[in-house]
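# Tertiary structure, described
As a plain string of letters, each chain reads:
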Amino acid sequence: MSSNTDFLLAIEDLTVSFDGFKAVDGLSLYVERDELRVIIGPNGAGKTTVLDMICGKTRPTSGSIKFANREMVGMREHEIVRAGVGRKFQTPSIYENLTVFENLEVSYPKGRTVLGSIGFRTTSEVTDRIHAVATEIGLTAQLDIEGAFLSHGQKQWLEIGMLLMQESQLVMLDEPVAGMSPPEREQTAQLIQRICKGRSIIVIEHDMEFVSRIAHKVTVLHLGKILAEGSMAEIQKNAKVMDVYLGH
Ligand code: ADP
Ligand code: MG
């Protein structure tokens, strides 16, 4: 028996074994509403696997993942998306031959349009939402540009916008600034801070400069377990963390 919590995401005693190897081992992690959590840790620590389990791509061996007090373990990926969990993968998956506007448009949940499942039509409600999201991701000037012509950074922001169109309450970003130029990193930091209001964000990131700019709280994973958790200042002072990660 577990009780309801105020946490948007409550992960308890989560374990996954791949042929006997525990990639994630008894992990408990709690994320509040409006929180921006960063997960760091050396390669192979289990960071991506945690996101894979939250979004239903990988089935845990044991444990619980509650989102808004609903158990997600056992639900299908599209059901988890519909419940309000959005995940951005490391390589952007935008439609190169559609404009920014159209990419955002196709991401709007179909069941919520006026015509519902009968067909898709641009309503003023959808158009308003597209413009609001374009502002959040800083792509209002690019709405009529095809995906193929966007910079690497702009493609990443568009994909975040596509998650916002789905009205995800939890947005998960795996290494969002990989391959970005310093100005793009700076803009991404601002973007993530903007979109954090009214939802929760989990970011996996290696770039410590970037982490220190955005994190409310940092969770350090090592060998599938939590090594440390706290503010960036606390993490940077932690001797265990220095040993396994920051020290190298
Ligand atoms: P991180 O994202 O922290 O670098 P991962 O979560 O990708 O680490 O991987 C953690 C460990 O689990 C690695 O040793 C990886 O090889 C292993 N692993 C991840 N997914 C699978 C899988 N589907 N099958 C077998 N091993 C996996
Ligand atoms: Mg990874």
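So, a few notes on the structure that sits alongside this text. Owing to the predicted nature of the structure, the values given are computational and were not obtained by experimental measurement. (Residues numbered from 1 in each chain as written. Chains lettered and ligands numbered in written order. Predicted model: local features only at pLDDT ≥ 70, side-chain atom pairs only at ≥ 80, totals over all residues. Heavy atoms only, no water.)

Helix packing for two helices is described by the angle between their axes and how far apart those axes are. Closest axis-to-axis distance for the helix α5 (residues 152-165)/helix α6 (residues 182-195) pair is 10 Å, and the angle between their directions is 10°. When the axis of α5 is compared with that of α6, the two are roughly parallel. In contact with His 152, Gly 153, Gln 154, Trp 157, Ile 160 and Leu 164 of α5, α6 contributes Glu 184, Gln 187, Thr 188, Leu 191 and Ile 195. For the contact of α5 with α6, a count of residues per class yields five nonpolar, five polar and one charged. (Axes fitted to C-alpha atoms, helices over the stretch in contact; angles between N-to-C directions. Helix = DSSP H or I, 4+ residues; strand = E, 2+ residues; numbered from the N terminus. Parallel < 35°, antiparallel > 145°, perpendicular 65-115°, else oblique. Contact = heavy atoms within 4.5 Å. Nonpolar A, V, L, I, M, F, W, Y, C, P; charged D, E, K, R; others polar.)

The subject of this paragraph is the nonpolar core. Ile 40, Leu 104 and Ile 201 are the most contacted members of the largest nonpolar core, which has 47 residues in total. Per-element accounting of this core gives the leading share, seven residues, to α5. Ignoring anything within four residues of it in the chain, the contact list for Ile 201 reads Glu 35, Leu 36, Arg 37, Leu 170, Val 171, Leu 173, Ile 192, Ile 195 and Cys 196. Of all hydrophobic cores here, the second largest spans 28 residues; its members include Val 16, Ile 54, Met 75 and Ile 80. (Core = buried A, V, L, I, M, F, W, Y, C linked by side-chain atoms within 4.5 Å. Buried < 20%, exposed > 50% of the residue type's maximum accessible area, 1.4 Å probe, protein only.)

Attention now moves to the pairing of strand β10 (residues 225-230). Pairing analysis gives five bridges linking strand β9 (residues 217-222) to β10, with the strands arranged antiparallel. Paired with Val 218 across the strands is Gly 230, a residue of β10. Count of turn residues in the β9/β10 antiparallel hairpin: two residues, of which Leu 223 carries a positive phi of about 55°. (Pairing = 2+ DSSP bridges.)

For the rest of this paragraph, the subject is the site of ligand 1. Residues in close proximity to ligand 1 include Phe 18, Phe 21, Ala 23, Pro 42, Asn 43, Gly 44, Ala 45, Gly 46, Lys 47, Thr 48 and Thr 49, which together make up its full environment. One nitrogen or oxygen atom from the side chain of Lys 47 is found 2.8 Å from an oxygen atom belonging to ligand 1. The contact in question runs from an oxygen atom of ligand 1 to an N or O atom on the side chain of Thr 48, over 2.9 Å. Here ligand 1 has 560 Å² of accessible area as a free molecule, and 58% of this is covered by the chains. Of all the elements in the fold, those that place two or more residues in the shell around ligand 1 are β2 (21-31) and α1 (47-54). Residue contributions to the shell around ligand 1 peak at three residues, all from α1. (Near = heavy atom within 4 Å. Polar contact = N/O pair within 3.5 Å; in protein donor to acceptor, adjacent residues only side chain to side chain. Areas by Shrake-Rupley, 256 points an atom, 1.4 Å probe, with all protein chains shown as cover.)

Before going further, it helps to spend a moment on the packing of helix α3 (residues 100-107) against helix α4 (residues 124-136). Closest axis-to-axis distance for the α3/α4 pair is 10 Å, and the angle between their directions is 115°. Crossing of α3 against α4: the hand is right-handed. In this structure, α3 contributes Phe 101, Leu 104 and Glu 105 to the contact, and α4 contributes Thr 127, Ile 130, His 131, Val 133 and Ala 134. For the contact of α3 with α4, a count of residues per class yields five nonpolar, two polar and one charged. (Left-handed = near helix turned anticlockwise from the far one by under 90°.)

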